[in-house]
Amino acid sequence: MKNIKKISRKYIRCGLAICLAVLIFFATFLVSCNTQKKYLNDGITIVSSFYPIHLFTEVVTHNVDGIKLVDLTPPSIGCIHDYSLLPADIIQLNSTSLFIVNGGGMESFIDKAIKELPDLRIITASRGIDFLTSNGRLNPHVWMSPDFAAKEVQNIANSLSEFDPIHASIYQKNSEQFLVKIDLLKASISEKLKSVTNRNIITFHAAFDYFAHDFSLNIVSLIENDPDNSPSPSMISEIIDLGKKNNVSALFTEAQYPSDIAAIIANEIGAKTFELDPIVSPKLSSVYVDIPQDEYFMRMEKNADILKNALGG
Ligand SMILES: [Zn+2]
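Presented here is a report on the structure given in the accompanying data block. Keep in mind that this is a model prediction, so the values were computed, not measured.

1. What to know about the pairing of strand E9 (residues 250–254)
Then, number 1: Most of E9 sits inside the fold, with five of its five residues counted as buried.
Then, number 2: Where burial is concerned, the two faces of E9 agree: the one with Ala-250, Phe-252 and Glu-254 and the one with Leu-251 and Thr-253 are both buried.
Then, number 3: Of the pairings in the sheet, the one linking strand E7 (residues 200–203) to E9 comprises two bridges and is parallel in character. Within the sheet, the bridge partner assigned to Thr-203 lies in E9 and is Phe-252.
Then, number 4: Where E9 lies against strand E10 (residues 272–276), five bridges are found, and the strand directions are parallel.

Written as structure tokens, this is what we have:
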């Protein structure tokens, strides 16, 4: 009798454990269903690789409800030439609807992302653009050409229209408005720079090659071929020689990178240093921060003003 009681208690315990396990399983199932539902109700999550792509996506998705736009990289990082994916990035990309990148080699981590997340939907903003080359590699800084900025905005608008056809007309309208302003911007910059006579300049890294190409400025040398490695002493003396030979009067630094080497070179050449904006991070303080539609234009106009002021004419 005692033994029977023992056995039945054992079965009861066992039964309770099974019931508990089943309950936990269903509770987990319900929570995961709810999360899935919440995710779908929350709209589209878009991850942009870095700031210019974030800005253009903000322009295209203006006035569209249900878009959650986040940057993969911290805004202070500037260009992301040497960025490596962190485990947290993979987790973030895994829960995104779309990943929008610049392309042209800016996101050197892209192969790793594709390998880790083969189902990730990637939009390449620069597709169809004829890249310039710099030191034998594609120059990815296409957004500094107004025409190519327009192309990137158009590409993002077209891809989003395919992915989210309900809002296609808003994406296309935002893109068309940007394109109209691009023509005005080009005319304005050309007008500002038309009287500049000495168009030979030195820039920090290859971020301004497209701008120089579009507006007939001649970059005789870069200070850093690779923005994350300082030039060697022999490279510095080569830059000084090129600057002197080409009568360079202005060197252009960028806020994201140190300017001490530029100051040394400028001093040797007898030139001055100025700061240009490669639009790779948000403005630190701006009253226009809530107007993504105009930020690109204002910052490009400011670059033209700085160049005109620096080069005279
Ligand atoms: Zn760069």
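Let's pick the thread back up.
2. Some remarks on the environment of Lys-308
Then, number 1: For Lys-308, the position within the fold is in helix H10 (residues 292–311).
Then, number 2: Take Lys-308: there are 17 C-beta atoms within 10 Å of it, and that puts it in the partly exposed class.
Then, number 3: With 119 residues separating them along the chain, Lys-308 and Ile-189 place their C-alpha atoms 9.5 Å apart.
Then, number 4: Once residues within four sequence positions are removed from consideration, Lys-308 is found in contact with Lys-192, Leu-193 and Val-196.

3. Brief notes about helix H6 (residues 168–193)
Then, number 1: Here H6 is 26 residues long and its end C-alpha atoms lie 37 Å apart, about the 38 Å a rise of 1.5 Å per residue gives.
Then, number 2: If you check which residues of H6 are buried, you get Tyr-171, Asn-174, Ser-175, Phe-178, Ile-182, Leu-185 and Ile-189.
Then, number 3: Tucked inside the fold, the buried residues of H6 contact helix H2 (51–60), helix H5 (146–163) and H10.

4. Thoughts on the sheet that holds E7
Whether parallel or antiparallel, the strands of a sheet pair through hydrogen bonds between backbone atoms.
Then, number 1: Strand order in the open sheet made by the four strands is E8-E7-E9-E10, with parallel pairing throughout. One side of each edge strand has no neighbouring strand; the edge strands of this open sheet are strand E8 (218–222) and E10. Geometrically, the sheet is characterised by an average inter-axis angle of 35° between neighbouring strands, direction not taken into account.
Then, number 2: Across the sheet, helix H8 (residues 233–245) touches E7 and E8, and the angle it forms with E8 is around 160°.

How each quantity is defined
Residues numbered from 1 in each chain as written. Predicted model: local features only at pLDDT ≥ 70, side-chain atom pairs only at ≥ 80, totals over all residues. Buried ≥ 20, exposed ≤ 12 C-beta atoms within 10 Å, placed from the backbone. Helix = DSSP H or I, 4+ residues; strand = E, 2+ residues; numbered from the N terminus. Pairing = 2+ DSSP bridges. Contact = placed C-beta atoms within 7 Å. Expected span 1.5 Å × (residues − 1). Axes fitted to C-alpha atoms, helices over the stretch in contact; angles between N-to-C directions.

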